Amino acid sequence: MFAFFMTSECLLVSKGCAVFSGPPREYLEYYIFPVLLPGMAELLHRAEEEKCFERKRTKFIACDFLTEWLYNNNPKRKDESFTEFFSIPFVKHWLKDHPRRPIPLSLLLSEEAASIIIQSFWRGYRVRCDSEVQELRQWQKKLREEKNIFNVVKEFWAIQEAKGK
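Sequence positions are assigned chain by chain, starting from 1 and proceeding in written order. With pLDDT at 70 or above as the cut-off, local features in this predicted model cover only qualifying residues; side-chain atom pairs require 80 or more to be listed or tallied, and sums for whole chains, interfaces and linings still use all residues. Computation of side-chain values: all heavy atoms of the structure, hydrogens and water removed.

A.B. asks: Before we move on, can you summarise the side chain of E68 with the specific residues and values?
C.D. replies: Helix and strand labels come from DSSP, where a helix needs a run of H or I of at least four residues and a strand needs a run of E of at least two; each type is numbered from the N terminus. Among the structural elements, E68 can be located in helix 2 (residues 62-72). Under the scheme applied here, a residue whose accessible area is under 20% of the maximum for its type counts as buried, over 50% as exposed, and between as partly exposed, the area being computed with a 1.4 Å probe on protein chains only. Asp and Glu count as negative and Lys and Arg as positive, but His and the ends of the chain are not part of the count. By convention in these notes, a salt bridge is any Lys or Arg side-chain nitrogen within 4 Å of a carboxyl oxygen on Asp or Glu. R46 provides the closest opposite charge to the buried, unpaired E68, separated from it by 5.7 Å. Any two residues whose heavy atoms approach within 4.5 Å are treated as being in contact. With residues near it in sequence (within four places) discarded, E68 still touches F82, T83, E84, F85 and I88.

A.B. asks: Quick one: what's the story with helix 1 (residues 24-49), residue by residue and with numbers?
C.D. replies: Its 26 residues place the ends of helix 1 35 Å apart at the C-alpha level, agreeing with the 38 Å of an ideal helix rising 1.5 Å per residue. We define the bend at any residue as the angle between the axes fitted to the seven residues before and including it, ending there, and the seven starting there. Along helix 1, the largest kink reaches about 55° and is centred on I32; proline P34 follows within four residues of it. Those residues of helix 1 not exposed but buried are Y27, G39, L43 and A47. Multiply 1.5 Å by the residue count of a helix minus one, and that product is the helix's expected span.

A.B. asks: Could you give me a rundown of the pattern of salt bridges, with the residues and numbers involved?
C.D. replies: Here the structure, examined in full by the defined rule, presents 5 salt bridges. Note that E111 and R55 form a salt bridge whose closest N and O atoms lie 2.0 Å from each other. Of the two residues, E111 is situated in helix 5 (residues 111-129) and R55 in the loop between helix 1 and helix 2; the sequence distance between them amounts to 56 residues. Put simply, E80 and R77 hold a salt bridge, and the shortest N to O gap is 3.2 Å. What makes R77 buried here is its relative accessible area of 7%.

A.B. asks: Describe the packing of aromatic side chains, naming the residues involved and giving the relevant values.
C.D. replies: Ring pairs shown here join Phe, Tyr and Trp side chains whose ring centres sit within 6.5 Å, with only the six-membered ring taken for Trp; geometry is labelled stacked below 30 degrees between planes, edge-to-face above 60, and tilted in between. Under the criterion given, the structure shown has 6 aromatic pairs. Taking the centre distance of 6.0 Å and the plane angle of 70° together, the rings of Y71 and F90 count as edge-to-face. Residue Y71 is found in helix 2, and its partner F90 is found in helix 3 (residues 89-97); the two are separated by 19 residues along the sequence.

A.B. asks: I'd like to hear about the layout of surface pockets, residue by residue, with values.
C.D. replies: Estimates place the volume of the largest pocket at around 440 Å³. In this analysis the probe radius is 1.4 Å and the grid spacing 1 Å, with only protein atoms considered; a cavity is a set of points the probe fits into but cannot get out of, a pocket is an open set with protein on both sides within 12 Å along at least five of seven lines, and lining residues have an atom within 4 Å of a point. In this structure, the largest pocket is lined by 15 residues; those nearest its centre are K59, I61, D64, F86 and I103. Top element by residues in the lining of the largest pocket is helix 2. It accounts for 3 residues. Grouping the constituent residues of the lining of the largest pocket by class yields 7 nonpolar, no polar and 8 charged. The calculated volume of the second largest pocket comes to roughly 320 Å³. Lining of the second largest pocket is provided by 15 residues; of these, R55, L107, L109, S110 and E111 occupy positions nearest its centre. Sorting elements by how many residues they give to the lining of the second largest pocket places helix 4 (residues 105-108) first, with 3 residues. In the scheme used here, Gly and all other residues not listed as nonpolar or charged are polar, with Ala, Val, Leu, Ile, Met, Phe, Trp, Tyr, Cys and Pro taken as nonpolar and Asp, Glu, Lys and Arg as charged. Residues belonging to the lining of the second largest pocket are distributed by class as follows: 5 nonpolar, 3 polar and 7 charged. Grid points are joined across faces, edges and corners, and a volume is the space filled by probe spheres set on the points.

A.B. asks: Give a detailed account of a nonpolar patch on the surface, specifying residues and quantitative values.
C.D. replies: Here, patches come from residues exposed beyond 30% relative accessible area and free of salt bridges, joined within 9 Å for like charges and within 5 Å for nonpolar side chains (Val, Leu, Ile, Met, Phe, Trp, Tyr). The accessible surface values rely on the Shrake-Rupley method and a 1.4 Å probe; as for residues, cover is taken only from the protein chains in view. Taken together, the side chains of Y30, Y31, I32, F33, L37 and M40 define a hydrophobic patch exposed on the protein surface, amounting to about 600 Å² of accessible area. Note on placement: Y31 falls in helix 1. Taking the relative accessible area as the measure of exposure, Y31 reaches 47% and is therefore partly exposed.

A.B. asks: So, unusual backbone geometry: which residues are in play, and what are the values?
C.D. replies: Keep in mind that most residues, glycine aside, have a negative phi and that most peptide bonds are trans. Backbone geometry at K51 places phi at a positive 60°, although glycine is not the residue there. Mapped onto the secondary structure, K51 falls in the loop between helix 1 and helix 2. Overall, the relative accessible area of 34% leaves K51 in the partly exposed class.

A.B. asks: Quick rundown of the environment of I103? Include the residues and the values.
C.D. replies: Structurally, I103 is set in the loop between helix 3 and helix 4. Distance from I103 to T58, taken between C-alpha atoms, is 9.6 Å for residues 45 residues apart in sequence. When neighbours within four sequence positions are excluded, I103 is seen to be in contact with K59 and L108.

Laid out in structure tokens, this is it:
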């Protein structure tokens, strides 16, 4: 790895080679901003699509997007195909040593999918509160206890396993 040092005269690489002679501002204006600013503009468009300005938490990770965008728009990779963030070699190497926590399910689901899950749990709760359903559940519990269904199932599988041997 190289370490960069910016002085008022030039940008130096830790190996001692002068890369750019001139003030740091010129280096930024001629080498960094022309590459970085289109990426930042694309980042803002994507953040808007992902509704980052409307919500407190989203699954969108701006640094990941910018890393992927800069890697894929590198002039040295002009003829190569698009590479997803987790397929970039240096990202793979970094994540191997520094794994991430999984993204919570609440951030991965769309609003429609989340509403369907919430509605299904609510409907199930409401049905289980119904007196007829409560009566049926009590009857099933009593039947299981009387018939000792757990032992019947256990014996059944023991017989099936014995046949297989």
